[in-house]
Amino acid sequence: MSAHADSRIERVTGRALPLPGDDIDTDRIMPARFLKAVSFDGLERHVFEDDRKAGAGTGVTHPFDDPRFAGARVVVTARNFGCGSSREHAPQGLVRWGVRAVVGISFAEIFFSNSTTLGMACVCVSEPDAAALRALVEQAPGTEVTVDLAAQTVKAGGRTWPCSMPASARQAMLTGTWDATAMLTADFDAVRATAARLPYIRGF
Amino acid sequence: MGRTLLEKVWDLHTVRKLPTGQTQLFVGLHLVHEVTSPQACDMLRLHGRGVAFPDRTWATIDHIVPTDGQRRPFADGMAEQMTAALERNCREFRIPLFDLSSADRGIVHVIGPELGLTQPGMTIACGDSHTSTHGAFGSIAFGIGTSQVRDVLASQCLAMEPLRVRRIDVTGALPRGVYAKDVVLAIIRRLGVNGGVGFAYEFGGAVVDRMDMEERMTLCNMSIEGGARVGYVNPDATTFAYLRGRTYVPAGDAFDRAVTWWRSIASDPDAVYADCLPLDGGAIAPMVTWGINPGQSLSVEERVPGPADGGPGGGAAIEEALAYMGLEAGQTIAGTRIDVAFIGSCTNGRLSDLRAAAAVARGRRVARHVRALVVPGSERVRQAAEAEGLHEIFREAGFDWREAGCSMCLAMNPDRLNGRELCASSSNRNFKGRQGSPTGRTMLMSPAMVAAAAIAGEVADVRRMLPAGEGA
């Protein structure tokens, strides 16, 4: 494994955006019509597009349209964020919009692995802590939030909350190996040896 | 101590432990489609990499194909461009492609099993969350994103976190008019849309033992809607009978040796599970979703819940769903007027699904205000259905009979809802905007229930419309 000194992600610091609601699915983050493309370019323009338009129609400003949260690097959401479709277009859109960390109560598994593979941290906090963080950001939108992967904490407004991330994904961020291709191709003999012992590849 | 199928298959496919602590897992079968692969292929080119195991990789085109005329070039320029990109990538990287001229084409999760590419004991990955479908055969199958598609193309491997296994036993016998779709909706209602995070679901019990392979595929397909990336059924005589003679399944003595191995990878009787859930199959009634995620469901006999009833996400989640769906707390779900009926998808677009819907549609007429379409899951399904005259039954009843594709499940082709149309759908997701209109509404149900709703013009109890002596 090669070390990726410039890829190491120990912490993410920046303004935050509160995104309440459980079970926010990837169809909402990135509606399917924006998957009709052969590249990920420009997806940042379509993040939560339908939710944003629906809100605008009723006079509700979606957090992604709210100038108070412009330039946010951290999204603070709730439970089971990113459920549903495996479309990487959802985290791609968020990353291209500028998001570098998502703080939630829990994450859907495929969204989690897609996000961490792109170097976007997904950390879990307790339900009351997620609510407290969202409230803090809502009340003081400019507040700088730091998601510290090394210390496993979220810091904002002079307060510190514990957060967690599965050990191996966290390790991949800290060591700069979150883009797994290099690791997975490093020992190709071992890959071939594994293939060779599989009955359905050997031909029974 | 006994081991589960998941543990056996996982260990067998483990290449090594990665420095991060993740497992480097070998992928035995990689399925590719046009939506989640072009960027992966571009990344390979950018880094000068090739495809490590083109002989373990197959591609098809399903999401964006029109179903009312599949002649090229497509009227939709971007659909044409995506198709051309897939064709170019498959040529360049020597990946076999079931293209639109192939009699084997169709939805990736329908054709894998049909062709016998899907087999017990494999690890299977595809850039599509409904890859869990293939678990019906006793494989460990899961959806991945595009960067992981790139990883599998480049190395045939993934960096994976371990999974725990929850055993779900569906006991007893399903009542008439109750199908695999109702079982899985009942499971998701019980465990929630995030109850399966970190778990693989192992489905078993008398009901699952008696299910045919297509029913098991429906069950495993929607594991992901309960948060479980992997769902599987242990392989048994039903599995082996389905596989015998299929294109990519070994024949002769090799088939017998394969069966011996397939039997050996099933969970041991004394396997230890992280969690167990018993569910009485006899108590399940036809299910319908009323909300905006697949956990928000009820039986056709029940009334729509209100904010005071509580549940996952609390009253706010129920209020949001009621407002979006235009439903009132306390109203019966039966009798809800629909605008569109869709039968198809990787969940319920197989021959037995079409038979169940046709049994309800036979000799009846779709309500005048309902737009109804039937989209076979594959070209083979279409041909088999036509061979037994199902297309005539549907057409006479007023359904549109289409060509194979993903169609209105996610509306990446011209089949979509308009405005706030409400669709009775045999697909898998009732998310806001899922079927192509940002304000469109979806109610998930079994194909037979969709046919019943199409005819009644409103959500209806299919048990009252089943012909004598037929049904589940």
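Everything quoted here is computed from the prediction, not taken from an experiment. (Residues numbered from 1 in each chain as written. Chains lettered and ligands numbered in written order. Predicted model: local features only at pLDDT ≥ 70, side-chain atom pairs only at ≥ 80, totals over all residues.)

K.L.:
Explain the overall build of chain B to me, and be specific about the residues and the numbers.
P.N.:
If you tally the helices and strands in chain B, you get 16 helices and 19 strands. Scaling as 2.2 N^0.38, a compact globule of 472 residues should have a C-alpha radius of gyration of about 23 Å, and chain B matches this with 21 Å. Judged by the C-alpha coordinates and their principal axes, chain B covers about 55 × 55 × 45 Å. (Helix = DSSP H or I, 4+ residues; strand = E, 2+ residues; numbered from the N terminus. Rg over C-alpha atoms; globule rule 2.2 N^0.38 Å.)

K.L.:
Explain helix 15 (residues 390-397) of chain B to me, and be specific about the residues and the numbers.
P.N.:
All names here are of chain B. Considered for burial, the residues of helix 15 that qualify are Leu-390, Ile-393, Phe-394 and Ala-397. Buried residues of helix 15 fall within an arc of 95° about the axis and therefore sit on the same side. Each element contacted by the buried residues of helix 15 is listed here: helix 13 (351-361), strand 16 (371-374), helix 14 (379-387) and strand 17 (400-401). One or two positions beyond helix 15, positive phi appears at Gly-398, with a value near 100°. (Buried ≥ 20, exposed ≤ 12 C-beta atoms within 10 Å, placed from the backbone. Arc of directions from axis to C-beta. Contact = placed C-beta atoms within 7 Å.)

K.L.:
I'd love a proper account of the sheet that holds strand 19 (residues 441-444) of chain B, names of residues and values included.
P.N.:
Strand pairing in a sheet takes place through backbone hydrogen bonds and is either antiparallel or parallel in direction. All names here are of chain B. Here we have 5 strands laid out as an open sheet, ordered 17-16-15-18-19, and parallel in their pairing. Only two strands of the sheet have a single partner each, and these edge strands are strand 17 and strand 19. Bridge count for strand 15 (residues 340-343) against strand 18 (residues 422-425) is 3 bridges, and the pairing is parallel. By the bridge assignment, Phe-342 is partnered in strand 18 with Ser-425. (Pairing = 2+ DSSP bridges.)

K.L.:
Could you give me a rundown of the interface of chain A and chain B, with the residues and numbers involved?
P.N.:
Taken residue by residue, the interface counts 54 residues in chain A and 64 residues in chain B. Mapped onto the side of chain A that touches chain B, the elements with two or more residues apiece are helix 1 (26-29), helix 2 (49-57), helix 4 (109-117), helix 6 (167-174), helix 7 (181-186), helix 8 (188-196) and helix 9 (199-202) of chain A. The element that contributes the greatest number of residues to the side of chain A that touches chain B is helix 4 of chain A, accounting for 5 residues. Considered class by class, the residues forming the side of chain A that touches chain B number 25 nonpolar, 17 polar and 12 charged. (Nonpolar A, V, L, I, M, F, W, Y, C, P; charged D, E, K, R; others polar.)

K.L.:
Before we move on, can you summarise unusual backbone geometry with the specific residues and values?
P.N.:
Geometrically, the link from Arg-72 of chain B to Pro-73 of chain B is a cis peptide bond, its omega value of -10° lying close to zero. If you check the backbone angles, Phe-48 of chain A has positive phi at about 55° while not being a glycine. Along the chain, Phe-48 of chain A falls in the loop between helix 1 and helix 2. Unusually for a residue other than glycine, Arg-94 of chain B sits at a positive phi of about 60°.

K.L.:
Can you explain the packing of helix 13 of chain B against helix 16 (residues 447-456) of chain B? Please cite residues and give values.
P.N.:
Residue and element names in this part refer to chain B. Running from N to C, helix 13 and helix 16 point in directions that differ by 30°, and their axes come no closer than 8 Å. In terms of orientation, helix 13 lies roughly parallel with respect to helix 16. Both helix 13 and helix 16 take part in a crossing whose hand is right-handed. Counting all contacts with helix 13, which are made through Asp-353, Ala-356, Ala-357, Val-360 and Ala-361, the residues of helix 16 involved are Pro-447, Ala-448, Val-450, Ala-451, Ala-452 and Ile-455. Of the residues assigned to the contact of helix 13 with helix 16, the class counts are 10 nonpolar, no polar and 1 charged. (Axes fitted to C-alpha atoms, helices over the stretch in contact; angles between N-to-C directions. Parallel < 35°, antiparallel > 145°, perpendicular 65-115°, else oblique. Left-handed = near helix turned anticlockwise from the far one by under 90°.)

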